[in-house]
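Residue-level structural notes
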2 protein chains.
Amino acid sequence: MTMRSEIGEQPEVFRRALAVNEEPLSELAGRISALQFDYALIAARGTSDNAARYAKYLWAAHNGIPIALAAPSLFTSYQRPPRLDGALVVGISQSGESPDLIAVLAEGRKQGRPILAITNEPESPLAEQADMVIDIAAGEELAVAATKTYTAQLLAVAMLSAALDSETPGEELSSLPGHVESVIATEDTINAVAADLADMRSCAVLGRGYNHSTAYEWALKVQEVTYVLAHPYSTADFRHGPIAVAEPGFPILAVAADGPLFDDMMQLLGEVTREKHARTLVLSNRAEALAEARFAVPLPAVPEWISPIPAIVAAQLFTYHLGAIKGLDTDQPRGLNKVTRTT
Amino acid sequence: MTMRSEIGEQPEVFRRALAVNEEPLSELAGRISALQFDYALIAARGTSDNAARYAKYLWAAHNGIPIALAAPSLFTSYQRPPRLDGALVVGISQSGESPDLIAVLAEGRKQGRPILAITNEPESPLAEQADMVIDIAAGEELAVAATKTYTAQLLAVAMLSAALDSETPGEELSSLPGHVESVIATEDTINAVAADLADMRSCAVLGRGYNHSTAYEWALKVQEVTYVLAHPYSTADFRHGPIAVAEPGFPILAVAADGPLFDDMMQLLGEVTREKHARTLVLSNRAEALAEARFAVPLPAVPEWISPIPAIVAAQLFTYHLGAIKGLDTDQPRGLNKVTRTT
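From a predicted model like this one, the values you see are computed outputs, not experimental measurements.

Here we come to the packing of aromatic side chains. Residue and element names in this part refer to chain B. With the rule as written, the count across this model stands at 7 aromatic pairs over all chains. With 5.8 Å between their ring centres and 85° between their planes, Trp 218 and Phe 318 make a pair best called edge-to-face. Taken as a pair, Trp 218 in helix H9 (residues 212-226) and Phe 318 in helix H13 (residues 308-325) lie far apart in primary sequence, 100 residues in all. Judged by its relative accessible area of 0%, Trp 218 falls in the buried class. Here the aromatic rings of Tyr 233 and Phe 238 are separated by 5.1 Å at their centres, their planes lie at 55°, and the arrangement is tilted. Pair check on accessibility: Tyr 233 and Phe 238 agree, each one buried. The aromatic ring of Tyr 216 is capped on one face by Arg 53, whose charged end is 3.7 Å from the ring centroid.

On to a negative patch on the surface. Negative charge collects at one region of the surface, where Glu 121, Glu 123, Glu 128 and Glu 140 of chain A lie side by side. Within the secondary structure, Glu 140 of chain A sits in the loop between strand S5 (132-135) and helix H6 (148-164).

All names here are of chain A. Domain boundaries in chain A define domain 1 (2-168) and domain 2 (177-325). A straight line from the C-alpha centre of domain 1 to that of domain 2 covers 26 Å. With 27 residues of domain 1 at the interface, the matching set in domain 2 holds 26 residues. Summed over both sides, the interface of domain 1 with domain 2 buries roughly 2,400 Å², with 71% coming from carbon and sulfur. Among the residues of domain 1 in contact with domain 2, Arg 4, Tyr 54 and Tyr 57 are the three that bury the most area, contributing 23% of the side total. Inspection of the region where domain 1 meets domain 2 yields 2 salt bridges. Glu 187 serves as the salt-bridge partner of Arg 4, at 2.7 Å between the closest nitrogen and oxygen. Where domain 1 meets domain 2, there are 10 residue pairs in polar contact (both at pLDDT 80 or more). Those elements giving two or more residues to the side of domain 1 that touches domain 2 turn out to be helix H1 (2-8), helix H2 (10-33), helix H3 (46-63) and H6. If one sorts the elements of the side of domain 1 that touches domain 2 by residue count, H3 sits on top with 9 residues.

Cut-offs used in this document
- Position numbers for residues count from 1 along each chain, tracking the sequence in the order it is written.
- For this description, chains carry letters from A and ligands carry numbers from 1, given in the order in which they are written.
- Local features in a predicted model are, by the rule used here, given only for residues with pLDDT of at least 70; side-chain atom pairs are given and counted only at 80 or more, and totals for whole chains, interfaces and linings are based on all residues.
- As a convention, hydrogens and water are excluded, and side-chain values are obtained from all of the structure's heavy atoms.
- Note on aromatic pairs: the rings of Phe, Tyr and Trp (six-membered ring only in Trp) are paired at centre separations within 6.5 Å, and the planes decide the class, stacked below 30 degrees, edge-to-face beyond 60, tilted for the rest.
- Strands here are runs of E lasting at least two residues and helices are runs of H or I lasting at least four, both read from the DSSP assignment and numbered beginning at the N terminus.
- Any residue under 20% of the maximum accessible area for its type is buried, any over 50% is exposed, and the rest in between are partly exposed; the area is computed with a 1.4 Å probe on protein chains only.
- Placement of a positive charge over a ring is assigned whenever Lys NZ or Arg CZ falls within 6 Å of the ring centre and within 35 degrees of the normal to the ring plane.
- Patch members must show over 30% relative accessible area and no salt bridge, and they are joined within 9 Å when carrying like charges or within 5 Å when they are nonpolar side chains of Val, Leu, Ile, Met, Phe, Trp or Tyr.
- Computed with the Shrake-Rupley method and a 1.4 Å probe, the accessible areas treat only the protein chains shown as cover for residues.
- Here, a salt bridge means any side-chain nitrogen of Lys or Arg that lies within 4 Å of a carboxyl oxygen of Asp or Glu.
- In this charge count, Lys and Arg are treated as positive and Asp and Glu as negative; neither His nor the chain ends contribute.
- By convention, charge coordinates are those of NZ in Lys, CZ in Arg, CG in Asp, or CD in Glu.
- In this document the domain limits rely on a domain assignment from an automatic tool or a database.
- Residue contacts are defined here by distance: any two heavy atoms, one from each residue, within 4.5 Å place the two residues in contact.
- A simple way to read buried area is as the amount of 1.4 Å-probe accessible surface that goes missing from two parts once joined, with both sides added.
- Whenever two N or O atoms come within 3.5 Å, that pair is a polar contact, provided that in protein one can donate a hydrogen and the other can accept it, and provided that, for residues adjacent in sequence, both atoms are side-chain atoms.

This is the structure we're talking about:
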């Protein structure tokens, strides 16, 4: 039940993080704005890598910063790190303990680059390598599957974007705790959908743009907690090959947030639901998408740039209930530890 | 049978490309060396995106160039491209026709950045946006699933790396046609392994470092041609969560090439084969890895940096035979077109 209670803590985590991080992030944004860099190189693994996927869209679209995701083995096993001229080096890690991520930041430091760590452990070895640290302030997380630390990472990424750019309407973030409460209020619907899909052995998970991150994180949660094979795709990548796997009854989970990519997602949903007879589950804040799907979970009407936060909370609840219906230990999945140390 | 015959053409394609591209790539490398850039931004989709994954390791490790993979929707649907100061913009596409990739190169051009296209169609709209073009010279490809165009892209990426850096032993590339012939000579073994795994509905595909690309491309081929759900992972990412899906009998396909990451792969193979009783299929040029697996396909002893080429040829043959055993149309998989145009 720890996973479920940590999902439920999220509105409170957001209220606290919005309050305690406003001033430090404003100060940090001032320091970052004064730096010279052409792009950000982000090192992250697992759930934190999905927060990096969110930054890849948000920081690029709102702040003009291109994002490269690091290949940590170049810095560790191969001992052949690239030249980092022009890079702001960023590490994202809940625990701040994975040696390969620490190695990327250490190399950035050695090459004299500015280093930012985004972590729930501001005294961790990862944070020690950084000259700028964002404490995501999620509080201690006990369930092995990350929930509140993921959304707190997204919130930190979003708050930094807003602090860096006066065009980003940062005040929209203050609505998040309430919107997430409204998602949690749909739990009965979500539980019923999970029961309807309880027999699934594998599925595809679709999202694009800002919610590319949501597709990846939803698929990761489903695999960690329910042992169902789940593969995330952008709608574009799905069309470039994997769409061939969609046969009648195949479960396709999708996030269809209002925004410039909504029509593209609607078209694909129509194809796979009507022509291929896939079993589609859609999380959306638009009625057309909910009507198109076999199973529907409504999301609150929020601007697309913050939609990954309520969307993943709905996905976390779906995953938790799917695991519970299957009779699994949702707090301690087999084969996983809370802190994963890869080299 | 077109897919099978195009797999078989690869040694000849490599011989031709090595001959016709040596001089143009040497000249191109001179131009690129004279440019000022901090990193390469690569735009690609589907199979070509896996060639970009190879470049992400090779160009970083051998040429010191960090790689960012573009998010094309920022340039199209969102109309919010990032600032590209410091970028060499690269497009990789077999057909050179996908509008979203063309948009990334067009934006790079607008921002005054140097543009490189790597394509099998040097007169394509993608190539028109570039000031430097590499013709991968694979010849016309008729089967929907890309085989020889993928390896010709890898070869172009490798030849450019060698031309840019005198430390990269480019002469090692000349051995590739012969090594790929030796892979094709193991076709009976590969066919037998495909028959043993013909019942699989889903699988994980593991590779790391240079062969991260191989894992992704193998999984994509399996999905396109056999409709088996296949999910690629680096060994590190697999440990950060998805390892939970490995239950007894679960098929795990892996590439274990000799190199600094070999021991890491061996350890994971031991875990999933012995402790989790997964059905492991390993492609490797080291006997220990072949002995550890339930099913084994030997690869030739080549330096790790070029190992993705013979490795994917073995994977292509496996995929072709799996599709043929299942009685599928391996030349024209359902739901796919040769040229995919995404926006």
